[in-house]
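The residues making up each chain are set out below.
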Amino acid sequence: MRRSLFASGSMRILNLFVLAVLLAVGAFEMGRARASRTHEDRRRTPVVEAVRHAATAVVSIYAQQRRRRKMLIRSAGSGVIVHPAGYVITNSHVIRGGTGVTVELWGDGGRYRAQIIADLPQNDLALLRISRPHPFPYVSIASTRNVMLGEAAIAVGNPRGLGDTIT
């Protein structure tokens, strides 16, 4: 009795051979595509892109307080611009009691006097407003519904006036 090439055992071997060839060709093409990307493109991770996007909206905040005997106390912290009209969210403890609040942009180093719009010490939140003739860079506030447990978080700021940091 003559066995057909398409008998079940032979067909399984043929299918495995075709699958192996397809995987090899796919791996080769992926390697070629990856090699065509520049070194800089390969280093451009999602974290790098997120920082590049958000850092222009991060600001340093400096608040001055006058105390007894004309002593000047400065506090420093971070904030983020959340609207192109110059609305900035920061911590209440950064601006609390401040008689003069200054906001400095990371991107262009511009300095702006800030108006305190709202101060919620119970939530440690404050809303400031800075202004200029053209819009500010800003980031949108994301919904907490979209956050996944274990997802990476990036902190960009100016903790205690120590300079621009990314963690």
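Here's what I pulled together on the structure shown here. None of the values given here were measured: they were computed from a predicted structure.

How each quantity is defined
- Residues numbered from 1 in each chain as written.
- Predicted model: local features only at pLDDT ≥ 70, side-chain atom pairs only at ≥ 80, totals over all residues.
- Heavy atoms only, no water.
- Core = buried A, V, L, I, M, F, W, Y, C linked by side-chain atoms within 4.5 Å.
- Buried < 20%, exposed > 50% of the residue type's maximum accessible area, 1.4 Å probe, protein only.
- Helix = DSSP H or I, 4+ residues; strand = E, 2+ residues; numbered from the N terminus.
- Contact = heavy atoms within 4.5 Å.
- Phe/Tyr/Trp six-rings, centres within 6.5 Å; stacked < 30°, edge-to-face > 60°.
- Salt bridge = Lys/Arg side-chain N within 4 Å of Asp/Glu carboxyl O.

Description of the nonpolar core
Logical step 1: Core analysis: the biggest nonpolar cluster contains 18 residues, and Ile61, Ile81, Leu128 and Ile130 have the highest contact counts within it.
Logical step 2: At the level of elements, strand S1 (58-66), helix H4 (92-95), strand S4 (100-105), strand S5 (111-120) and strand S6 (125-129) are the ones that each hand at least two residues to this core.
Logical step 3: In this structure leucine 128 touches Ile61, Gly86, Tyr87, Val88, Thr90, Ile95, Val101, Val103, Ala114, Gln115, Ile116 and Ile117, once residues within four positions along its chain are discounted.

A short note on the environment of leucine 128
Logical step 1: With respect to the helices and strands, leucine 128 occurs in strand S6.
Logical step 2: With relative accessibility at 0%, the residue leucine 128 sits in the buried group.

Regarding the packing of aromatic side chains
Logical step 1: Going through the model one piece at a time under the given rule, you end up with one aromatic pair.
Logical step 2: Seen from their ring centres, tyrosine 112 and phenylalanine 136 are 5.3 Å apart, and the 85° between their planes marks the pair as edge-to-face. Separated by 24 residues along the polypeptide, tyrosine 112 in strand S5 and phenylalanine 136 in the loop between S6 and strand S7 (156-157) bring together distant segments of the chain.
Logical step 3: Judged by its relative accessible area of 16%, tyrosine 112 is buried.

Considerations on the pattern of salt bridges
Logical step 1: Tallied over the full model, the rule gives three salt bridges.
Logical step 2: Ionic pairing is found between glutamate 49 and arginine 52, a salt bridge with its closest N-O pair at 2.9 Å. With a gap of three residues between them, glutamate 49 and arginine 52 both fall in helix H3 (residues 46-55), about one helical turn apart.
Logical step 3: Take arginine 52: its relative accessible area is 53%, and that puts it in the exposed class.
Logical step 4: Between glutamate 104 and arginine 111 there is a salt bridge; the shortest N-O distance is 2.5 Å.
Logical step 5: Judged by relative accessible area, which is 22%, glutamate 104 ranks as partly exposed.

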